[in-house]
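# Commentary on secondary and tertiary structure
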Amino acid sequence: AKAMHDLGMKTHILEYAPILMCRQIDQGGHDALVGMVEDLGLEVHCDARTKAFEADADGRVSRVTFETEGWDDLDVGIVVVSAGIRPRDEVARDAVECHERGGVVVSDTLQTSDKDVYAVGEVALHGGMIYGLVAPGYAMAEVAADHLVADL
């Protein structure tokens, strides 16, 4: 979004969830992030329920319409979609338990259903959550490493 803004385009961030980065931050973090993003000149719209992308006579996208009551359509010249993270668990699916929507299921020690196999980072599903940030991945690696060397 910032890159589009830097190219001189009026830029809107449309978020389906009620807050930005809803898996990573709470309402206070959201409020701070929105303030920083808006200070950069971008507009943030949360709880966005996109209805359609409409095209002009030349077939180019020209408008975004919303199902969200009371929202005005946005005239646009380009749409960039960021659809979040999806764990790449294909190689693990035949060996350990994976969630139907993606992610290797792990315990508090980051062990999988095979106690000799650990998973960390964006592939690890811990407590029903996939964390799409690097810091939780580092913390997971520390937990797994501590558990691995505990009996040495």
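Above this text is the structure in question.
The structure presented is a predicted model; accordingly, all values stated were derived computationally and were not measured.

With that out of the way, let us pick up the pairing of strand E3 (residues 50–55). Alignment of E3 against strand E4 (residues 61–66), held across 5 bridges, turns out to be antiparallel. The residue bridging Phe53 from the neighbouring strand is Val64, located in E4.

Bringing the pattern of salt bridges into the picture now. Overall, the coordinates contain 8 salt bridges when judged by the stated rule. The partner of Asp6 in a salt bridge is Lys2, with the nearest N and O atoms 2.6 Å apart. Of this pair, Asp6 and Lys2 both sit in helix H1 (residues 2–6), 4 residues apart, which is roughly one turn of that helix. For Asp75, the salt bridge identified is with Arg63, shortest N-O distance 2.8 Å.

This part takes up the sheet that holds E3. Strand order across the open sheet formed by 3 strands is E3-E4-E5, with antiparallel pairing between neighbours. One side of each edge strand has no neighbouring strand; the edge strands of this open sheet are E3 and strand E5 (74–75). Looking at chain direction, E4 and E5 are connected through 2 bridges and run antiparallel. Across the sheet, Val64 pairs through a bridge with Leu74, a residue of E5.

Helix length check: helix H2 (residues 27–39) (13 residues) gives 18 Å between terminal C-alpha atoms against 18 Å at 1.5 Å per residue, within 8%. Listed as buried for H2 are His30, Val34 and Val37. Taken down its axis, H2 places every buried residue within 65° of arc, on the same side. Opposite its buried face, H2 presents the exposed residues Met36 and Asp39, each directed more than 90 degrees away. Of the surrounding elements, those touching the buried residues of H2 are strand E1 (12–15) and strand E2 (43–46). With a side-chain oxygen lying 3.2 Å from the backbone nitrogen of Gly28, the N-terminal cap of H2 falls on Asp26. Where H2 ends, the next residue or the one after it, Gly41, has phi of about 100°, a positive value.

Considering the arrangement of structural elements, one finds Val105 in strand E6 (residues 104–106). On a C-alpha basis, the gap between Val105 and Asp146 in space is 19 Å, while along the polypeptide they are 41 residues apart. Those residues within four positions of Val105 in sequence are excluded, and the remaining contacts are Glu97, Cys98, His99, Gln111, Thr112, Ser113 and Leu125.

This next bit is on the side chain of Thr65. For Thr65, the position within the fold is in strand E4. Look at Thr65 and you get buried, because its relative accessible area is 6%. Apart from residues lying up to four places away in sequence, Thr65 is in contact with Arg49, Thr50, Lys51, Ala52, Glu54 and Asp73.

Conventions adopted
Going along each chain's sequence as written, the residues are numbered from 1 onward. Totals for whole chains, interfaces and linings use every residue, but because this is a predicted model, local features are given only for residues with pLDDT of at least 70 and side-chain atom pairs only at 80 or more, for both listing and counting. In computing side-chain properties, one takes all heavy atoms of the structure into account and sets aside hydrogens as well as water. At least two bridges found by DSSP between two strands is the condition for calling them paired. Numbering of helices and strands runs from the N terminus, with a helix taken as a DSSP run of H or I at least four residues long and a strand as a DSSP run of E at least two residues long. For this analysis, a salt bridge means a side-chain nitrogen from Lys or Arg found within 4 Å of a carboxyl oxygen belonging to Asp or Glu. The length a helix should cover is 1.5 Å for every residue beyond the first. Remark: exposure states derive from per-residue accessible area (1.4 Å probe, protein chains only) relative to the maximum for the residue type, with buried under 20%, exposed over 50%, and partly exposed in between. The arc in question is formed by the directions pointing from the helix axis toward the C-beta atoms. Contact definition: two residues touch when any of their heavy atoms are within 4.5 Å. Polar contacts, as counted here, are pairs of nitrogen or oxygen atoms within 3.5 Å of one another; within protein the pair requires one atom able to donate a hydrogen and one able to accept it, and residues that are adjacent in sequence qualify only if both atoms are side-chain atoms.

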